[in-house]
Amino acid sequence: MNLWSVGAIENPRFYMTSNEDVLVRGNESVHRRDSRRVLRATLFLLLVGDVVRAADRCPVWTPATPFDRHSQAMSFDERRGVTVLFGGESSRGPSLGDTWEWDGQRWENRQVYGPGPRYAYIMVYDSKRDVSVLFGGVNHISFFGDTWEWDGHQWIERTAVDGVSPIPRIFAAAAFDSKRGVLVMFGGEDANRRPLDDTWEWNGNSWKQLQVTGPSARFGHAMTFDSKRNCVVLHGGAYRYNGFFGDTWEWDGKEWNERTPSNNLPRAYHSMTFDVTRNVTVLFGGRALNSACYTGYGCHDTWEWDGDMWREQPEPNPLPEANGAMVFDANRSVLVLVGSSVLWERIAGEWVERSGDVPTVTTPELIYDRKRVVTVLVANPTDSPTLQTWELNGTVWRMRDVEGPPTRRYFSVAQDTFRDVIVLHGGANSDTGEPFGDTWEWDGASWVLKSNSGPLPEHSGPIVFDSRRRLTVMLAGGNADSMETWEWNGQSWKSRGLIGPPPRSILSLAFDSRRGVCVLFAGIYGSPNSIPPTETWEFDGTSWELRGSNGPEARLGGATVFDERERRTILFGGMDFNYKYRSDLWSWDGATWQLMTVGQLPGRFSMGMAYDADREEIVLFGGNSAQHGFDNETWELSDDRELTFDGNGDCQVNLADFAELENCYESRRLGHTCREFDVNKDGFVNIADVKWFLDAVFPPGVSRWP
């Protein structure tokens, strides 16, 4: 029986079959007449997360980049000219179930429901029917034997017309034979961890096992289709976790033939694809014991197979990589390689790094550069004597090869939109804690030291740019007896000498360009025994005014930014004074604070956050989270995505929506609310939709957190 399990639930086990009449809970079968009872009971068996009140819009956090994963698969969609990536395993443990597309310039996170989170599956493009086909994999709980197809709009689960299907497996390999119009799959490892030696073909309607003799049982091998010689090429693999093959086989549609080149390459978990412009099979990386290419992280050599000989390529190679994925982009005539943290392309025989993960850093600063239309990250890696400068064009990070200010923590940045420069001030030495009092500017090409004078280094605070008065504003003096307001005009700092908020540090500051005021929230009072502040203050260029003492709970290390589209100051996260990492999102309209969401992201503090004015989205990077410590994730907050399954309209997808799903499932009528639950658009709310709902509520490691 083909069971689907809720991967994030440990006890009790709750399964659903593809049979419309039967649910399975543990070892108990429940007929459809009792399904409402089972669905209702599940609501009490699972923990309901935080629920917020209904809002007039639905902000949603989604990942901005697809990195930090391995054992994923990719295909190249020839009809649409994009590389498709699905799932994989996060380096932090959970399986992923997200769908991404790369067009050669940007990644697009496709917000769709489909196969459950998994890794170690196969995925190839069927050029006859213009779909990407996925089979198998594992999610730390279950081995899968299901077949899915992606047409560029939706994932559709396919069931063979005769009911015959390969057994569940992992680390199999497959290729699409475009001459005969079938997908060919070989081997893998079954749920009992036994290597397999079976050959299967999928024609879009049925699976057929071919009774042929060929390569010995194995897993972790690679396959591709040689369109010049019309054969499937198979290489390498493992028969145990410390024993690798180096043989090469070819499948002509009738039989397997072993090739005997003068050299072999014993390895597994490598990437392989066919370059149609040069008519060669290209192999990269993998793992190989006792080999010159072995580094501990994998191999990083590139080889080509012309049908007679494997030849190592002399060009500089990417970083060592195993369990990556590689395809050939026929539209651009380039190879696309995605590893755990870097995207590479091989253009005219040379590997070029297109994007990668920013290293894990503490106290990152993020700002949007309107002139150059990029989000700029200033980061302090531990292995660099100077700060690093990175740019995000929406979904691709690129490090700028420039020398920055000396490395430091707790510095501040703001963009002077009048002079088109980014201003950086202050911070503390990462090793000694000694404060900096210098001011630097970034013009998009280089960093320039502008000043070593101004506020006392130990009294430096956050900075924002006042676009109405064309001045950078700092509130300084968190450890002094009083706080001063300073302004930077591009040449020098000037103290305003104003009486403002009581002394505090680690506060949140943003500039509201709609009303022309600086907005300050919370922080830590100078006295360690003081009651944590919850005040909101505003500075209009003339004086500071206390605007309120109610709103978000007192915290430090939260991030604030002004959302120009919604015309509100946005606050996210921080750490409260009970050492709880906050995950709540708030907005300030100048009069009141409104709670928007809770728990979509793991709680965190000391992250960078900026408003991308061109795409009208808020970008968040890094932070110190309870789950991961300091991380290097990039997220986006968008307000224009529809929340499928949000039955009660509270801008959350959680078990609070369960009652609406229950009513829709029983009545099978598609009113306005029920349409939210009909994901597969078949006109009914059925078992398939219930599966997707539970996957949305409990998505281990993907974009929407319970």
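Residues numbered from 1 in each chain as written. Predicted model: local features only at pLDDT ≥ 70, side-chain atom pairs only at ≥ 80, totals over all residues. Heavy atoms only, no water.

## Some details on the overall build of the protein chain
Then, number 1: Each helix and strand in the protein chain was counted, giving 4 helices and 60 strands.
Then, number 2: Counting over 706 residues, the protein chain shows a buried share of 59%.
Then, number 3: Within the protein chain, contacts between residues at least 6 apart in sequence are counted, and of these 50% link residues at least 24 apart.
Then, number 4: Total accessible area on the protein chain is roughly 28200 Å²; 47% of this is exposed by carbon and sulfur atoms. (Helix = DSSP H or I, 4+ residues; strand = E, 2+ residues; numbered from the N terminus. Buried < 20%, exposed > 50% of the residue type's maximum accessible area, 1.4 Å probe, protein only. Contact = heavy atoms within 4.5 Å. Areas by Shrake-Rupley, 256 points an atom, 1.4 Å probe, with all protein chains shown as cover.)

## Let's talk about the sheet that holds strand E49 (residues 536-539)
Then, number 1: Taken in spatial order, the 4 strands of this open sheet run E46-E47-E49-E50, and their pairing is antiparallel. Looking at the sheet topology across the chains shown, the edges are occupied by strand E46 (508-512) and strand E50 (544-548). Here the average twist between neighbouring strands, direction ignored, is 25°.
Then, number 2: Two strands pair when backbone bridges link them, and strand E47 (residues 517-521) and E49 are joined in this way by 4 bridges, in the antiparallel orientation. (Pairing = 2+ DSSP bridges. Axes fitted to C-alpha atoms, helices over the stretch in contact; angles between N-to-C directions.)

## Here's the deal with the pairing of strand E35 (residues 388-392)
Then, number 1: With respect to burial, E35 is a largely interior element, 5 of its 5 residues being buried.
Then, number 2: Both faces of E35 are covered, namely the face carrying Gln388, Trp390 and Leu392 and the face carrying Thr389 and Glu391.
Then, number 3: Inspection of the sheet shows strand E34 (residues 374-379) paired to E35 by 5 bridges, in the antiparallel sense. Directly across from Thr375, in E35, lies its bridge partner Leu392.
Then, number 4: Of the pairings in the sheet, the one linking E35 to strand E36 (residues 397-400) comprises 4 bridges and is antiparallel in character. Residue pairing in the sheet places Trp390 in a bridge with Met399 of E36.
Then, number 5: Linkage of E35 to E36, two consecutive antiparallel strands, is achieved through a turn of 4 residues, within which Gly394 is found at a positive phi near 130°.

## Details of the layout of surface pockets
Then, number 1: A volume near 920 Å³ is recorded for the second largest pocket.
Then, number 2: Lining of the second largest pocket is provided by 42 residues; of these, Val124, Ala174, Met223, Met272 and Met326 occupy positions nearest its centre.
Then, number 3: Those elements giving two or more residues to the lining of the second largest pocket turn out to be strand E7 (73-77), strand E11 (122-126), strand E15 (173-177), strand E19 (222-226), strand E25 (271-275) and strand E29 (325-329).
Then, number 4: Broken down by class, the residue content of the lining of the second largest pocket amounts to 27 nonpolar, 14 polar and 1 charged. (1 Å grid on protein atoms, 1.4 Å probe; cavity = no way out; pocket = protein on both sides within 12 Å on 5 of 7 lines; lining within 4 Å. Points joined across faces, edges and corners; volume = space filled by probe spheres on them. Nonpolar A, V, L, I, M, F, W, Y, C, P; charged D, E, K, R; others polar.)

## Topic: the side chain of Gln388
Then, number 1: Take Gln388: it is sitting in strand E35.
Then, number 2: At 3.0 Å, the side chain of Gln388 forms a polar contact with the side chain of Trp390.
Then, number 3: Among residues more than four places away in sequence, those in contact with Gln388 are Pro359, Leu377, Val378, Ala379, Pro381 and Met399. (Polar contact = N/O pair within 3.5 Å; in protein donor to acceptor, adjacent residues only side chain to side chain.)

## Focus: empty space enclosed by the protein
Then, number 1: In total, this model carries 2 cavities of 30 Å³ or more according to the counting rule given.
Then, number 2: There is about 30 Å³ of room inside the second largest cavity.
Then, number 3: Pro318, Leu319, Glu321, Leu337, Val338, Gly339, Val342 and Trp344 together form the lining of the second largest cavity.
Then, number 4: Among the elements of the structure, strand E30 (334-338) and strand E31 (342-347) are those that each provide at least two residues to the lining of the second largest cavity.
Then, number 5: When grouped by side-chain class, the residues that make up the lining of the second largest cavity number 6 nonpolar, 1 polar and 1 charged.

## Things to note about the side chain of Thr439
Then, number 1: Relative to the helices and strands, Thr439 is located in strand E39 (residues 439-442).
Then, number 2: Overall, the relative accessible area of 0% leaves Thr439 in the buried class.
Then, number 3: Discounting residues that sit within four places of it in the chain, Thr439 has contacts with Val423, Leu424, His425, Val448, Leu449, Lys450, Ser451, Trp488 and Trp493.

## Looking at the sheet that holds strand E52 (residues 568-572)
Sheets are built from strands that pair by backbone hydrogen bonding, the pairs being arranged parallel or antiparallel.
Then, number 1: Spatially, the 4 strands line up as an open sheet ordered E51-E52-E53-E54, and their pairing is antiparallel. The sheet terminates laterally at strand E51 (559-563) and strand E54 (593-598), the two strands that pair on one side only. When the angles between neighbouring strand axes are averaged without regard to direction, this sheet yields 25°.
Then, number 2: Bridge count for E51 against E52 is 5 bridges, and the pairing is antiparallel. Paired with Val561 across the strands is Ile570, a residue of E52.

## Quick look at the packing of aromatic side chains
Then, number 1: Inspection of the entire model under this criterion finds 23 aromatic pairs.
Then, number 2: Centroid distance Trp588 to Trp593: 5.4 Å. Interplanar angle 40°. Geometry classified as tilted.
Then, number 3: For Trp593, a relative accessible area of 10% corresponds to the buried category.
Then, number 4: Chaining the aromatic ring pairs together yields one cluster made of Phe86, Tyr121, Trp150 and Trp155.
Then, number 5: It is Arg118 that lies over the ring of Phe144; its NZ or CZ is 4.0 Å from the centre.
Then, number 6: In this arrangement the basic side chain of Arg408 is found over the ring face of Phe436, its NZ or CZ atom lying 3.9 Å from the centre. (Phe/Tyr/Trp six-rings, centres within 6.5 Å; stacked < 30°, edge-to-face > 60°. Lys NZ or Arg CZ within 6 Å of the ring centre and 35° of its normal.)

## Quick look at the nonpolar core
Then, number 1: Of all hydrophobic cores here, the largest spans 15 residues; its most connected members are Trp61, Phe572, Leu585, Met609, Ile618 and Leu620.
Then, number 2: Sorting the residues of this core by element identifies E51, E52, strand E56 (608-612), strand E57 (617-621) and strand E60 (634-638) as the ones contributing at least two each.
Then, number 3: Contact partners of Leu585, with chain neighbours within four places excluded, come to Pro59, Trp61, Ile570, Leu571, Phe572, Gln594, Leu595, Met596, Thr597 and Leu637. (Core = buried A, V, L, I, M, F, W, Y, C linked by side-chain atoms within 4.5 Å.)

## Side note on the pairing of E57
Then, number 1: The element E57 is largely enclosed, with a buried count of 5 among its 5 residues.
Then, number 2: Covered by surrounding structure in E57 are Glu617, Val619 and Phe621 together with Ile618 and Leu620, the residues of both alternating faces.
Then, number 3: Examined bridge by bridge, E56 and E57 share 5 bridges and lie antiparallel to one another. From the neighbouring strand, Ala610 faces E57, where its bridge partner is Val619.
Then, number 4: Taken together, E56 and the strand that follows it, E57, pair antiparallel across an intervening segment of 4 residues, in which Glu616 is found at a positive phi of about 55°.
Then, number 5: Direction of pairing for E57 relative to E60: antiparallel, over a ladder of 4 bridges. Its bridge partner being in E60, Leu620 is matched across the sheet by Trp635.

## Considering the pattern of salt bridges
Then, number 1: All chains considered together, the criterion is met by 50 salt bridges.
Then, number 2: Arg193 serves as the salt-bridge partner of Glu189, at 4.0 Å between the closest nitrogen and oxygen.
Then, number 3: Of the residues examined, Glu189 reaches a relative accessible area of 1% and is grouped as buried.
Then, number 4: Accessibility expressed as a relative area gives 46% for Arg193, which makes it partly exposed.
Then, number 5: One network of salt bridges, with partners in common, ties together Asp77, Arg80, Glu101, Glu108 and Arg110. (Salt bridge = Lys/Arg side-chain N within 4 Å of Asp/Glu carboxyl O.)

## Regarding the confidence of the model for the protein chain
Then, number 1: On average, the protein chain scores 84 in pLDDT, and the residues at 70 or more come to 83%.
Then, number 2: Note on residues 1-56: pLDDT is under 50 here. Beyond four places in sequence and across chains, it has 118 contacts.
Then, number 3: Predicted confidence is poor over residues 699-706, with pLDDT under 50, and the contacts of this stretch with residues over four places away or in other chains come to 33 contacts. (pLDDT = per-residue confidence, 0-100.)

## Side note on the environment of Thr389
Then, number 1: By the element assignment, Thr389 lies in strand E35.
Then, number 2: Counting along the chain gives 15 residues from Thr389 to Gly404, while the straight-line C-alpha distance between them is 7.3 Å.
Then, number 3: If we ignore the near neighbours within four places in the chain, the residues touching Thr389 are Val376, Leu377, Arg398, Met399, Arg400, Val402, Trp442 and Trp447.
Then, number 4: Among the polar contacts listed, one links the side chain of Thr389 to the side chain of Trp447, at a separation of 2.8 Å.

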